[in-house]
Amino acid sequence: MKQSINEVINVVKQKQPLIHNITNQVVMNFTANGLYALGALPIMAHERREVAEITAQSDALVLNIGTLTEELLDAMIIAGHEANKKSIPIVFDPVGVAATKFRTQAARQILSELKVSLIRGNAAEISHLAGLKSSMRGVDATAQSNGEMTINQVVKKLNIPIVMTGKTDFIADQSSIFKLSNGSSLLTKVTGAGCLLSSIVAAFLSVNQSEIISATAAVSYFTIAAEKAAKTATSPGQFQIALLDALSELKEADINERLQIEKVSVS
Amino acid sequence: MKQSINEVINVVKQKQPLIHNITNQVVMNFTANGLYALGALPIMAHERREVAEITAQSDALVLNIGTLTEELLDAMIIAGHEANKKSIPIVFDPVGVAATKFRTQAARQILSELKVSLIRGNAAEISHLAGLKSSMRGVDATAQSNGEMTINQVVKKLNIPIVMTGKTDFIADQSSIFKLSNGSSLLTKVTGAGCLLSSIVAAFLSVNQSEIISATAAVSYFTIAAEKAAKTATSPGQFQIALLDALSELKEADINERLQIEKVSVS
Amino acid sequence: MKQSINEVINVVKQKQPLIHNITNQVVMNFTANGLYALGALPIMAHERREVAEITAQSDALVLNIGTLTEELLDAMIIAGHEANKKSIPIVFDPVGVAATKFRTQAARQILSELKVSLIRGNAAEISHLAGLKSSMRGVDATAQSNGEMTINQVVKKLNIPIVMTGKTDFIADQSSIFKLSNGSSLLTKVTGAGCLLSSIVAAFLSVNQSEIISATAAVSYFTIAAEKAAKTATSPGQFQIALLDALSELKEADINERLQIEKVSVS
C-alpha cells in the first residue's frame, strides 16, 4: 500500500488538479490555502448561474453543507449534475448533518439526485446518514464510538466509499476497510481541518480511478502532515500554520517512516 | 472578584459550551478558532429554515451585524426568539451600527423584539445605540471618549448589561461598573478581535447566572491572553496566532498576576 | 520615482484611508488584516440597502468578483454609482473573469456602467477583459505570457490604468508603463494575495491624484514586503503571517534598497 500511496501523491503534485469547492463560509480561506499548500488549485464559486461552467473545468467537486442555505443547495445540485455528466468525482462532506431537519433533507437530496464518489465525515455524521444512532453537539462528534463496527455497518448501508475520521480514521468501500492511526489531537482545535481533508481527498480522487487507494493516500498525507506539524507546534494557533507548511513540504520518506495502516476485516 | 473570575473560567473549560454565532463573513474563521482555543465549541449557521433548531441545541447565541443582509437579520430574529423561549443567553454585537440606516434600524429591531442578555461594542457603537453622539469611521471608533461618563450614561439608557471595549474596557449593569485595564494595542490590528470577544462573552454567560461576573471573567481572560500574546509577538500577523495560543493556554496564575480591575462609582 | 513612492506611502500611513471592499468570501479576513497591517481601515459591506452609505463614507471602493452572486453584482453597481458621484476611486479586480459567462458579463457591466479608476488582475484576466486570447485554470493564470507586449495591447484597448501582476508586475496608463521585478513566488501559494494587493492599491489611490504613481507605490510596497517576508518564511503558512508583519513594518530604507523598477517603452 505504501508504494501506491506515494505514487498517487506524486501524481497529485504533478497534475495540480483544480478543485471546485461549494463549501461553508467558515473554512473557505483555510481550504484554499491548504489546497495551494498541497500543490492543487482551489476554486470557490456558488452562484447558480455559473457553477456548472466552473465544475466542467474542474478535476473534482466538493459539496460541504457547513453553512448551507437554500441557494447553496440549489448550486450544489446544479454543479453535481454537471460533474456526473462529465464523470468528475464528487466528495460530499455532511457537516453537522444530524443537527437539523434542513441538513438531513439536503443530504438525502444530494445522495439521491447525485452520484457521489465518496463521503467524508466524522462518526456521528456518517452514522446519521446511514440511519444509525449517533451523538453530536453542533458539528462536533462527542465521542468516538466503536469505529470498526460503525464503519462496517455504514459502508454496507450507504454503498458509497467512505472516509470516517476521528481519533483513528477509516477508509472503506464494499470490499475493503483500512484503518489509519496517524494524526494529532490538535486537528480538533483547528476549525475546518476536516473540511480541508475533504477537499484534499477530492484532489486525490481526481488523479486515480480507485477511490479507496486515492482516499487512503489523501488521509495518510493529511494526517502525517498533522503529525509533523504537531512536532514543532504545540498550541492551536501555531499548529494551524504549521499544518499548511507540512502539507507543502511532506516527503515520501515521511510517509514511509510514519504510516500506521491496518486492513480491517469486513464482517 | 479574582476568585469569581477564575471559578467561571474553570466552568467554561469544563462544560465546553456550544456557541451559535450568526455573524459576519470577515470573522467567522477567526471566531471559530478562538472559541476552540478557549475550549468552547463554535457553530455558525444562518439559514432561516434551520437556525431555531441550532439555537435550541446551543448554550448561547451571538448576533453580530458586521456584514448584515436582510436574510441574516431575519435569521437573527428567528434564532433570537428561540433563544428567549429556551432562556438561552443572547450577546448582541452592533458592529458599525452608526454607519448606516439599515444597521441602525436592524439594531433597534433586535433590541425591541428580543430580550438581549448583553451588548458588546466599542464606545461609538454603544453610544449610538443609546442615542448619544458618537464618532467613528467605518466600523472603528476614532477616539476614546471619556469612558466612565459614557458607560454611566449608556447603561442607564439601554437598561441591558454592557461590555464597552477600547483602550480600557468597561463592564456594567444597573448596579455596578467595572473598569479593566488589561489588553494590548495590537488587538486593534487584528480584524475580528472584538467580534471574538463577543463570542467569548457568550460562552461565559452560558455557564453563570450573573451577566456582570461572567462578562468580567470573559473580558479578563481575553485581554490578559492578549497581553501574554503581545509579550512574544510584536507585529499583527504573529500576534493573531499568538492570541489563539494564549487563549488556549492561559492559567489561573496569569489572571491572578495581571488582572487590573477597578470598581467605578455609578453616578 | 523612489521619492514619489515613499511620499505616497507616508501619506497613506498618516491618513489611514477607509477602504470599502465588496469582495469574495475566501479573502475577506486576509484582506481586512492586510489593510490593518498597512495602516489603513477596512470595511466589508454588501447589502444593497446600505452599500451607498458605506461607500460615501469611504476613501476608496474595491469591487472583486471572486465569489460573485447576482446580489453582490447589484451591490457593486449601486456602490459604484455612489463612488462615481462622490469622485471616490474604484479599483476593479476581475477574479477569474474568463472562467464563466456570468463573470464575463458582470465585468462588462461594471466597466460600462461605472467609471473605474484602475483594474488589477493577472495577465489572463486582463487579456480576457481586453478581448485578447488568454489561458487560465480556475482563477489562476497558467503561464506568464509576454508581459510587455500584453500590457501595451491591453492598456490601449481598455483605456483605464492597469496593474497586471505575475512573475513581474506592470503598471500602465495611456502614456507610461512601469515594470516591477520585486516579489516572491510564495505569493502564488497564499490565497487572496492578489486580492489584498487590489485593496492596497485602492488605499494608495485614495491619497494621490496620479493613478500610475499611486499604483506603482502600492505594488512596490506590497512586493517588497513579500520579499522581506520570504527572507524569514520559506513555506506558505509562515509566509502568510510574515507578509502581514512585513506590511506593518516596511521602512523607507527597504524600498530604497530593494526597488527594481524599469520604464517600458510604449509602442
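Whatever comes next refers back to the structure up there.
A look at the pattern of salt bridges
- With the rule as written, the count across this model stands at 30 salt bridges over all chains.
- Salt-bridge contacts for E70 of chain C lead to R49 of chain A; the nearest nitrogen and oxygen are separated by 3.4 Å. Placement of the pair is E70 of chain C in helix α4 (residues 70–85) and R49 of chain A in the loop between β2 (41–44) and α3 (51–57), with the two residues belonging to separate chains.
- With relative accessibility at 44%, the residue R49 of chain A sits in the partly exposed group.
- Between E53 of chain B and K101 of chain A there is a salt bridge, and its shortest N-O distance comes to 3.9 Å. Taken together, the residues E53 of chain B in helix α3 (residues 51–57) and K101 of chain A in helix α5 (residues 101–113) connect one chain to another.
- With a relative accessible area of 24%, E53 of chain B lands in the partly exposed category.

Here we look at the relation of the copies chain A and chain B
- Mapping chain A onto chain B leaves a residual RMSD of 0.0 Å; the transformation is a rotation of 120° accompanied by 0.0 Å of translation along its axis. With respect to symmetry, the two chain copies, as superposed, fit the operation of a three-fold axis. Identified as the residue of chain A closest to the rotation axis by C-alpha distance is Q25 of chain A, at 3.9 Å.
- A share of only 7% of the interface residues of chain A reappears at the interface of chain B, consistent with the copies meeting through non-equivalent patches.

Focus: the packing of aromatic side chains
All names here are of chain A.
- Taken as a whole and assessed by the stated rule, the structure comprises three aromatic pairs over all chains.
- Ring geometry for F204 and Y221: centres 6.2 Å apart, planes at 45°, overall tilted. Taken together, the positions of F204 in helix α8 (residues 193–205) and Y221 in helix α9 (residues 211–232) put the pair 17 residues apart, joining distant regions of the chain.
- On the basis of relative accessibility, which here comes to 1%, the residue Y221 falls in the buried class.

Some remarks on empty space enclosed by the protein
- Using the criterion set out here, one finds two cavities of 30 Å³ or more in the structure.
- In this structure, the largest cavity spans a volume of roughly 240 Å³.
- Lining the largest cavity are 19 residues, with N29 and Q240 of chain A, N29 and Q240 of chain B together with Q240 of chain C sitting closest to its centre.
- Of all the secondary structure elements, the ones that give two or more residues to the lining of the largest cavity are α2 (28–38) and α10 (236–249) of chain A, α2 (28–38) and α10 (236–249) of chain B together with α2 (28–38) and α10 (236–249) of chain C.
- A breakdown of the residues in the lining of the largest cavity according to their chemical character gives nine nonpolar, 10 polar and no charged.
- Its volume calculated, the second largest cavity comes out at about 70 Å³.
- The wall of the second largest cavity is formed by Q25, V26, M28 and N29 of chain A, Q25, V26 and N29 of chain B together with Q25, V26, M28 and N29 of chain C.
- Within the residue set of the lining of the second largest cavity, elements represented by two or more residues are α2 of chain A together with α2 of chain C.

Let's talk about the environment of A32 of chain C
- Relative to the assigned elements, A32 of chain C resides in helix α2.
- Taking the C-alpha atoms as reference points, A32 of chain C and G66 of chain C, 34 residues apart in sequence, are found 16 Å from one another.

What counts as what
- Residues numbered from 1 in each chain as written.
- Chains lettered and ligands numbered in written order.
- Predicted model: local features only at pLDDT ≥ 70, side-chain atom pairs only at ≥ 80, totals over all residues.
- Heavy atoms only, no water.
- Salt bridge = Lys/Arg side-chain N within 4 Å of Asp/Glu carboxyl O.
- Helix = DSSP H or I, 4+ residues; strand = E, 2+ residues; numbered from the N terminus.
- Buried < 20%, exposed > 50% of the residue type's maximum accessible area, 1.4 Å probe, protein only.
- Least-squares fit on C-alpha atoms with pLDDT ≥ 70 in both.
- Contact = heavy atoms within 4.5 Å.
- Phe/Tyr/Trp six-rings, centres within 6.5 Å; stacked < 30°, edge-to-face > 60°.
- 1 Å grid on protein atoms, 1.4 Å probe; cavity = no way out; pocket = protein on both sides within 12 Å on 5 of 7 lines; lining within 4 Å.
- Points joined across faces, edges and corners; volume = space filled by probe spheres on them.
- Nonpolar A, V, L, I, M, F, W, Y, C, P; charged D, E, K, R; others polar.

What is shown is where atoms sit, not what they do.
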